[in-house]
Amino acid sequence: MASDPPLKGIKVLEFAGLAPGPFAGLMLADAGASVLRIDKPPSNAEGAVPSPDLLARHKSSLIVNLKNPRGAALIKRLAKHIDVLIDPFRPGVLEKLGLGPDALLAANPRLIYGRLTGFRRDGRYASMAGHDINYLAASGVLALLGRRGEKPFPPWNILADFAGGGAMLAHGILLAIIARASSGKGQVVEANMVDGSSYLASFPRIALKTPVGDKPRGSNILDSGCPWYDTYETADGEYMAVGALEPQFFRALLKGLDLLHDQPGWEDKRHDASLWPRLRALFTETFKRKTRAEWEAVFDGTDACCVPVLHYRELESQQPLREGDQRAAVTLRSTPLYSPADEQGGGYVGTHLVPGHGGEKVLMEWTGWERGGQYELEGGAAALRDERGASKL
């Protein structure tokens, strides 16, 4: 029988930020951790409204004015009761508020202080603003992405922000939790999107010095240079994705395309790069003869490594659900994670969290604190009470 998720009982304090920090918190929340997001006071007259952060599944929020010394004092006291802190700010922001790792680890030696930046904290760009495309550029990864003869192409903000940033920070936090089990001590976990992206690109970076990837961008087997590792338009304007790398898979692809006998010889000469333009043109012409659904019917159940390029709108609406519906990233049989499919919207609709929602309940669960006792609200923002209240913490 399945039991609670693996991080049940872990308390996480997440400072509100842009997508990578919230994604790290989301990964921990989906694994059962109790995640409390710290939001700044609303700047509009209407009061608290849902924040732009849509990665708030399973989280609660507490409004704290960190510029108020008693607000910062509240966080410092609260740090004694938590397991993990997520700092998404530029270097030095929390340190200036007296909430840096030295201060909080002194208050709670078991604290895991996770902090995430775009550029390296000790690099030449440390003080500069940036976004996913900039971090990919600085890491060397962006130079790998794109077709031959075209400029580098950024893949949304998946690779640096989420994979190299948020997911890597969550990975580091989990490692620190494991280390704490034997050492009894927390530590600072440093993550940045340049190093994270570069690490994810370990194989293509190494392959640059091998025949697999030593040609210019868009000219190699795995970067759209090879005709049997690419996408092809179908008669209805959709696409099929081909990845027939091994010879037996390539043969199955030719068979499905009805080219095995009509165009003999390609099995023996497919590695001759000078002939790739001819083979690509043949594949392009052939795929346009049928719709995507027709090609899917041809290749389903085969080893041709040829599948339809599906859209999220299809995966969200088609019944019965096909492969691609939103599930937990990994399956733990005994301690399963929460599944996005169980939530309203099934993982296709963001979870809004109004600043301040659920935060006081979490404070009670974590610490036993009550409003009017250990803390109070000033303009909706939680702040440490005077010394009489503080002495009870």
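Before reading on, note that the structure itself is shown above.
A brief structural summary. By convention here, each chain's residues receive numbers from 1 onward along its written sequence. Thresholds applied to this predicted model are a pLDDT of at least 70 for local features of residues and 80 or more for the giving and counting of side-chain atom pairs; totals over whole chains, interfaces and linings are not thresholded and use all residues. Computation of side-chain values covers all heavy atoms of the structure but excludes hydrogens and water.

1. Some thoughts on the side chain of Ser197
Argument step 1. Elements are defined by DSSP. Helices are runs of H or I of four residues or more, strands are runs of E of two residues or more, and each kind is numbered from the N terminus. Take Ser197: it is sitting in helix 7 (residues 193–200).
Argument step 2. Excluding its chain neighbours within four sequence positions, the residues that come into contact with Ser197 are Leu136, Ser139, Val141, Leu159, Ala160 and Gly164. Note on contacts: a residue pair is in contact if any heavy atoms of the two residues lie within 4.5 Å.

2. Here we look at the packing of helix 1 (residues 20–30) against helix 6 (residues 158–183)
Argument step 1. Their axes nearest at 8 Å, the elements helix 1 and helix 6 cross at an angle of 45°. The angle between helix 1 and helix 6 falls in the class oblique. Both helix 1 and helix 6 take part in a crossing whose hand is right-handed. Here helix 1 contributes Pro20, Phe23, Ala24, Met27 and Leu28 to the contact with helix 6, which in turn contributes Asp161, Phe162, Gly166, Ala167, Leu169, Ala170, Ile173 and Leu174.
Argument step 2. Classification convention: Asp, Glu, Lys, Arg as charged; Ala, Val, Leu, Ile, Met, Phe, Trp, Tyr, Cys, Pro as nonpolar; all other residues, Gly among them, as polar. The residue makeup of the contact of helix 1 with helix 6, split by class, is 11 nonpolar, one polar and one charged. Interaxial angle, 0 to 180 degrees, is taken between N-to-C directions of lines fitted to C-alpha atoms, where a helix line uses only the stretch in contact. Reported orientations rely on four angle classes, namely roughly parallel under 35 degrees, roughly antiparallel over 145, roughly perpendicular from 65 to 115, and oblique for the rest. Put simply, a crossing is left-handed when the front helix is turned counterclockwise from the back one by less than a right angle, and right-handed when it is turned clockwise.

3. Structural notes on the state of the cysteines
Argument step 1. Note on terminology: disulfide denotes any pair of cysteine sulfur atoms within 2.5 Å. Going through the model one piece at a time under the given rule, you end up with zero disulfides.
Argument step 2. For Cys226, which is in no disulfide, the shortest distance to another cysteine sulfur is to Cys305 and amounts to 12 Å.
Argument step 3. Under the relative-accessibility criterion, Cys226 is labelled buried at 0%.
Argument step 4. Cys305 takes part in no disulfide bond, and the closest cysteine sulfur, belonging to Cys306, lies 8.9 Å away.
Argument step 5. Looking at Cys305, the relative accessible area reads 31%, which means it is partly exposed. Between buried and exposed lies partly exposed: a residue is buried under 20% and exposed over 50% of the maximum accessible area for its type, with that area taken using a 1.4 Å probe on protein chains only.

4. Comments concerning helix 12 (residues 292–299)
Argument step 1. Residues Arg292, Trp295, Glu296 and Phe299 constitute the buried set of helix 12. Around the axis of helix 12, the buried residues are gathered within 105° of arc, so they sit on the same side. Those residues of helix 12 that are exposed and angled more than 90 degrees off the buried face are Ala293 and Ala297.
Argument step 2. Packed against the buried residues of helix 12 are strand 8 (239–243), helix 9 (247–256), helix 11 (276–287), strand 9 (306–308) and helix 13 (312–317).
Argument step 3. Gly301 sits one or two positions beyond helix 12 and adopts a positive phi of about 85°. What the arc describes is the spread of directions from the helix axis to the C-beta atoms.

5. Side note on the environment of Ala137
Argument step 1. Residue position: Ala137 is located in helix 5 (residues 132–139).
Argument step 2. Between the C-alpha atoms of Ala137 and His271, which are 134 residues apart in sequence, the distance is 31 Å.

6. Focus: the pattern of salt bridges
Argument step 1. Salt bridge, as used here: a side-chain nitrogen of Lys or Arg that lies within 4 Å of a carboxyl oxygen of Asp or Glu. For the structure shown, the criterion picks out 20 salt bridges.
Argument step 2. Across the salt bridge formed by Arg147 and Asp230, the nearest N and O atoms sit 2.7 Å from each other. You can see Arg147 sitting in the loop between helix 5 and helix 6 and its partner Asp230 sitting in strand 7 (residues 229–233), a full 83 residues away along the chain.
Argument step 3. Classification of Arg147 as partly exposed rests on a relative accessible area of 34%.
Argument step 4. The salt bridge involving Glu238 is made with Arg292; its shortest N-O contact spans 3.8 Å.

7. Quick look at the nonpolar core
Argument step 1. To define a nonpolar core, start from buried Ala, Val, Leu, Ile, Met, Phe, Trp, Tyr and Cys residues and group those joined through side-chain atoms within 4.5 Å. Among the nonpolar cores identified, the biggest contains 30 residues, and Val12, Leu28, Val84, Ile86, Leu169 and Ile173 are the most heavily contacted of them.
Argument step 2. Of all the secondary-structure elements, those providing two or more residues to this core are helix 1, strand 4 (84–87), strand 5 (112–117), helix 5, helix 6, strand 6 (187–192) and helix 7.
Argument step 3. At six residues, the largest contribution of residues to this core is made by helix 6.
Argument step 4. Those residues in contact with Ile173, other than ones at most four positions away along the chain, are Leu28, Val84, Ile86, Ile112 and Val189.
Argument step 5. If you look at the next biggest cluster of nonpolar residues, it comprises 27 residues, including Leu62, Leu94, Leu99 and Leu384.

8. Section: the packing of helix 9 against helix 12
Argument step 1. Where helix 9 contacts helix 12, the axes come no closer than 10 Å and their chain directions differ by 130°. By the criterion of interaxial angle, the relationship of helix 9 to helix 12 is oblique. Crossing angle aside, the handedness with which helix 9 passes helix 12 is right-handed. Contacts between helix 9 and helix 12 involve Ala252, Leu253 and Gly256 from the former and Trp295, Val298 and Phe299 from the latter.
Argument step 2. Broken down by class, the residue content of the contact of helix 9 with helix 12 amounts to five nonpolar, one polar and no charged.

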